[in-house]
Structure formats: C-alpha cells, structure tokens
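# Remarks on the overall topology
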Amino acid sequence: MGGLWRPAWRRVVFCGWSWSHLGRPTRAAERAEPCLRPGRSGPAGTEQGLRRLGTWRRPSPAEQPARRPKSTNPYTRSQEEDWRRRNKTVLTYMAAAAVGMLGAAYAAVPLYRLTTGLGGSAVAGHASDQIENMVPVKDRIIKITFNADVHASLQWNFRPQQTEIYVVPGETALAFYKAKNPTDKPVIGISTYNVVPFEAGQYFNKIQCFCFEEQRLNPQEEVDMPVFFYIDPEFAEDPRMVNVDLITLSYTFFEAKEGHTLPVPGYNSNQQLSPASNL
Amino acid sequence: MSTAMNFGSKSFQPRPPDKGSFPLDHFGECKSFKEKFMKCLRDNNFENALCRNESKEYLECRMERQVPASPLTFPFRQLMAQEPLEKLGFGDLIDGKSDKN
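Because the structure is predicted, anything quoted here is derived from the model rather than measured. (Residues numbered from 1 in each chain as written. Chains lettered and ligands numbered in written order. Predicted model: local features only at pLDDT ≥ 70, side-chain atom pairs only at ≥ 80, totals over all residues. Heavy atoms only, no water.)

### Some thoughts on the pattern of salt bridges
What the rule picks out here adds up to 12 salt bridges over all chains. Here R85(A) and D82(A) are joined by a salt bridge, their closest N and O atoms 3.4 Å apart. With R85(A) and D82(A) both in helix α5 (residues 74–116), this residue pair falls three residues apart, about one helical turn. A residue is classified by how much of its surface remains accessible, and D82(A), at 37% relative accessible area, is partly exposed. The residue K36(B) makes a salt bridge to E57(B) at a minimum N-O spacing of 3.0 Å. With K36(B) in helix α1 (residues 31–43) and E57(B) in helix α2 (residues 52–64), the pair connects residues that are 21 residues apart, well separated along the chain. One network of salt bridges, in which partners are shared, links R159(A), K178(A), E222(A), D224(A), K34(B) and E35(B). (Salt bridge = Lys/Arg side-chain N within 4 Å of Asp/Glu carboxyl O. Helix = DSSP H or I, 4+ residues; strand = E, 2+ residues; numbered from the N terminus. Buried < 20%, exposed > 50% of the residue type's maximum accessible area, 1.4 Å probe, protein only.)

Structure (structure tokens):
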C-alpha cells in the first residue's frame, strides 16, 4: 500500500486530525500549516517523522469519546445514528439466526431418531411374529451366492459349503460355512458380513448366524457354521428390486483378542445378544 | 464388496441376527444332519424349497442338544435356543407334510 497512506504521508494527513475540529469549523489551511513546516518535509523531516512514528499512537478510547457520527451536518447526524442503531439490531438478529441454524443442525440428528425411531437406514421392520405369518412368494426365485473372506492375520481356512442356493422371499433358508484352524494354538475369530447389492441388504434378515460374537477354534479343529436367514416378502413388492435376481452374502473373519468384545452394530449400542432376544 | 470409503453415499449397515449367534458345534453332534442337508441340496440343484425338511431336522437337532460348556458358565448350553417351529418359518412342515413346489 503506497501513495497517500505511506507512513511519512500519514504524518501530514493526520497531522491536524483532532476531534476538536468538529466543535468549531476551522480553516483547512490553519490546520494544515504546522504540518508543512520545513522541518517536517525533506530528508530531515522524514527522519523526524520516522522518529515520531515510533512514539505516535492512536488516541486511546479513554481519551476520545466512543464512535461519533462521521458527518458534521446535524440533520444527517441523527439519521446516521438511526441507521447505525438499525444496522446493529439487524446484525444481532442475523447472528442469532445463524447460531440458531447451527444449533438446529446439531439437534436434528437425535430429534429424528427420537421421533421416527429409525436408528439407521430405513428398513422394513421385522419381528419374530412376522416370520410366523409370512407367506413365501413362490414365483420370485432368487439366487444367493456365498463368499468367505479372512483377514490377513487370521490363519483359518474359511469357506462356504455351498456356492449358491435358490430361495424365494418369505422362506427361511439354511446355509453352511466351514472353518478350520490349522495352527497349533487356539484362535478366536469374530466375523462380520456384507450383502450386495446394497438395496437388497435391507431385505436380508438373519434369524441366527455366527457373526458378531467371538468364535473360538481349538488347534486343528474344524467346525460347521450355519446361517439361518430369509428374504423379507416385501422384497417382491419393491419396484427397485425388480431386476435383482442375485444376492451375494459375504462373511469376513477377523482375529479377536481374548476378552475383547465387538460392539453390536446399531444405534443403541447397549444391545446384548442373547439367543432368544427380539429386536 | 463395497470399498466403504466413499463418504456421501450410503454404506452397508450390518444388523445383528434376530436370535443371536449360533454356538459352535465343537463336537459335531449335528454333523450327520448337516451332511443330509448338504446332500439334499446337491441332489436338488441347490434349491432350498426342496430341502426344508432336512433343514428343519438340523435345527431340531441343535435345539435338543445340550453341550457341556466350561465350568464357568451354566453347566449345559444349548446349541440353539428352543423355539417353536412356526417362529422359524416351518409352520407348514409341522404336520409332516413336505413342501414341494
């Protein structure tokens, strides 16, 4: 920033700047004259000016009254004060609105959960009586393929015992995986699952399986791991599922340390898994 | 499988099973039932509807068995909690009729 606002020039411009000039109109020439003395300009003047720069400071708020209107005309001054007051109120309201919006954004998530009771993605609600009463949709055959994965640090042999199974929505089905611990030490594994395609996953309900709980395999032990599941009958009525004929169920095993518990997925993490629990 | 690193698109939310987790059948007590079921599946071209009797029998085997668990827990632990078969979706098989389509 150069030009008029360079420090040396500031001395000249602000030299006669004092609030007293508002009290009585002074001549500009009278104000400016001391600033243009020979000592203040030229090489010597700049030195003096620069020296004074270090000591010059703005009049502190204690020395001058708080914000005075900029205009000298008394008629526009009250209007200006009016504007200032209105500006201040508008600004306060805007700030309050902004803070309110921020608060509403934070509050929206728990409020939604409370009011609708849906903890995660919108799912077709299922209860155990639904299983009793559901009617298989016999004309809609779906192929379920199985996939088994193991985390790199887990040395189990984990694989499905059938590559595919054909089910219809509303019919409970059983499938098996097999896991073998070829090492000489007992190993504890814990698994999670995934369903592809994503939208079909919400219709895939497991009645009982081997996931989310520690499974301990002794050395050289091989076990069968069943999955008992069904596809919700509403699957057949969902227009988005019209082209879905293949669902892949994929299980992945990870190694678990002794005594470590995996939090059960879901919003309410206090859920306890028990064999007869109803969700 | 979804590489669930795309923020903004929905990610898969696994749900816990309704009736919890199957205890492992360490001693293979229901293995024969499982073998029957697998054989039925292979014979019928992996159609589940034709093998529902075998799956029912496997689950009944699990429910009957009492496994001696470790001394720290309750003396006997079932391989599967007792549930009436209707609740497992086998209501139409209870009278002994098989469901072939």
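Moving on from the coordinates now.
### What to know about the confidence of the model for chain A
Residue and element names in this part refer to chain A. Summarising the model, chain A shows a mean pLDDT of 77, and 63% of its residues fall at 70 or more. Mean pLDDT across the elements of chain A bottoms out in helix α2 (residues 20–23) (54) and peaks in strand β1 (residues 142–150) (93). Under a pLDDT of 50 for its full length, residues 267–279 has, in the predicted model, 27 contacts with residues more than four places off or in other chains. (pLDDT = per-residue confidence, 0-100. Contact = heavy atoms within 4.5 Å.)

### Points about the state of the cysteines
Residue and element names in this part refer to chain B. What the rule picks out here adds up to three disulfides over all chains. For C30, the disulfide goes to C61, at an S-S distance of 2.0 Å. Taking the sign of the S-S torsion, about -95° here, the bridge from C30 to C61 comes out left-handed. Within this pair, whereas C30 is found in the segment before α1, its partner C61 is found in helix α2, the two being separated by 31 residues in sequence. Across this residue pair, the class does not change: C30 and C61 are buried. Paired by a disulfide, C40 and C51 hold their sulfur atoms 2.0 Å apart. The sign of the -100° torsion about the S-S bond sets the C40-C51 disulfide as left-handed. One end of the pair, C40, is in helix α1; the other, C51, is in the loop between α1 and α2, with 11 residues separating them in the sequence. Using a relative accessible area of 9% as the deciding quantity, one classes C40 as buried. Look at C51 and you get buried, because its relative accessible area is 0%. (Disulfide = S-S within 2.5 Å.)

### Considerations on the packing of aromatic side chains
All names here are of chain A. Applying the stated criterion across every chain, the model contains 15 aromatic pairs over all chains. Both rings, one in F158 and one in F210, keep their centres 6.1 Å apart while their planes meet at 80°; by these two values the pair is edge-to-face. Of this pair, F158 sits in strand β2 (residues 157–160) while F210 sits in the loop between β6 (204–208) and β7 (215–217); the two residues are 52 residues apart in sequence, bridging distant segments of the chain. In terms of burial, F158 and F210 fall into one category: buried. Taking the centre distance of 4.8 Å and the plane angle of 80° together, the rings of F158 and F253 count as edge-to-face. Taken as a pair, F158 in strand β2 and F253 in strand β9 (residues 246–255) lie far apart in primary sequence, 95 residues in all. According to the relative accessible area criterion, F253 is buried, its value standing at 0%. (Phe/Tyr/Trp six-rings, centres within 6.5 Å; stacked < 30°, edge-to-face > 60°.)

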